[in-house]
Amino acid sequence: MKTLFDYLPVVVFFGLYFISGRDIMLATWGLLGATSFQVIAGRLIWKRWHRLHLVVLAITLVFGGLTLALHNDVFIKWRPSIISFVLAAILAVGHFLKHRNLLQRLCESLMRSAFGKVVTLQAKDWRRLNLAFVLYFIFIGLLNLYIAFNFSTDFWVNFKLFGFTAIQMVFYLAAFAYFYKRMPEADRKSLFHGDANDKKPDDKDNDALRDHQ
């Protein structure tokens, strides 16, 4: 549910853009409203402020607001790149943390929520993954600027919808493949196939795992 919720502003933006006959200003209004709703609804549902949502909202208010105020779509085109560069900078800073980098902390939190356990990975593997994400976000940010300022607005929107989605899927699949390859055999079997010792109906740990899932 939360993953789908994260994509709400994107869905609203593209939906309004195509339904309205490619009105970028109306789509920008929708993006501002959906991003604001995302932050407020997230606070009400999960009882906390999601820091990434707040960062995205701030960037959207600045660049979306400039687009609407000046009636110039160049500012909204900068928005995805600024978000990507901010994410790259955050991960780059976290790359130099002594214990666990930010990507590792995030992935471990997601694993606890989804599987009820954390898969062990060597520190060097987390550093490689973290660096890969830094380079990925920089690449995406630069590619967005190239498309935005060398092609039409309509091409930019379509490329964001189809091109960037395809690139994102390829990158995430490659990152998962690396993660899976470097995962200890014991964790791999336990995570995806379960443990024979956990099949007892009165096993409290197994009940707890199901509750997490």
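Residues numbered from 1 in each chain as written. Predicted model: local features only at pLDDT ≥ 70, side-chain atom pairs only at ≥ 80, totals over all residues. Heavy atoms only, no water.

Visitor: Talk me through the overall build of the protein; I want residue IDs and the actual numbers.
Guide: Within the protein, the regular secondary structure consists of 10 helices and 0 strands. Moving toward the C terminus, one meets the helices and strands of the protein in the order α-α-α-α-α-α-α-α-α-α. In the protein, buried positions account for 35% of the 213 residues. Total accessible area on the protein stands at roughly 13,000 Å², and carbon and sulfur atoms take up 67% of it. (Helix = DSSP H or I, 4+ residues; strand = E, 2+ residues; numbered from the N terminus. Buried < 20%, exposed > 50% of the residue type's maximum accessible area, 1.4 Å probe, protein only. Areas by Shrake-Rupley, 256 points an atom, 1.4 Å probe, with all protein chains shown as cover.)

Visitor: Explain the UniProt feature "transmembrane region" (unreviewed entry) in the protein to me, using residue names and the numbers behind them.
Guide: When the UniProt feature table is mapped to this numbering, "transmembrane region" (unreviewed entry) covers residues 12-32, 52-72, 78-97, 129-149 and 161-180. Helix makes up 100% of residues 129-149 and strand 0%. Its end C-alpha atoms lie 30 Å apart. In the segment residues 161-180, helix accounts for 100% and strand for 0%; the C-alpha atoms at its two ends are 28 Å apart. (UniProt positions renumbered as here; feature names shortened; annotations may be inferred.)

Visitor: I'd love a proper account of helix α5 (residues 74-94), names of residues and values included.
Guide: Its 21 residues give α5 an end-to-end C-alpha distance of 31 Å, which sits within 8% of 30 Å, the value for a rise of 1.5 Å per residue. Along α5, the sharpest kink reaches roughly 25°, centred on Pro 80. (Expected span 1.5 Å × (residues − 1). Bend = angle between axes of the 7 residues up to and from the residue.)

Visitor: Before we move on, could you go through unusual backbone geometry and cite the residues and values that matter?
Guide: With a phi angle near 70°, Arg 22 is a residue other than glycine that sits in the positive phi range. Structurally, the position occupied by Arg 22 is in the loop between α2 (8-19) and α3 (24-46). Positioned with a positive phi, Lys 47 is a non-glycine residue whose angle comes to about 60°. With relative accessibility at 62%, the residue Lys 47 sits in the exposed group.

Visitor: Could you give an account of the pattern of salt bridges, with specific residues and numbers?
Guide: Enumeration according to the criterion identifies 4 salt bridges in this entry. Here Arg 22 and Asp 154 are joined by a salt bridge, their closest N and O atoms 2.6 Å apart. Taken together, the residues Arg 22 in the loop between α2 and α3 and Asp 154 in helix α8 (residues 153-182) connect sequence positions 132 residues apart. Bridged by salt links that share partners, the residues Asp 125, Arg 128 and Arg 182 form one connected network. (Salt bridge = Lys/Arg side-chain N within 4 Å of Asp/Glu carboxyl O.)

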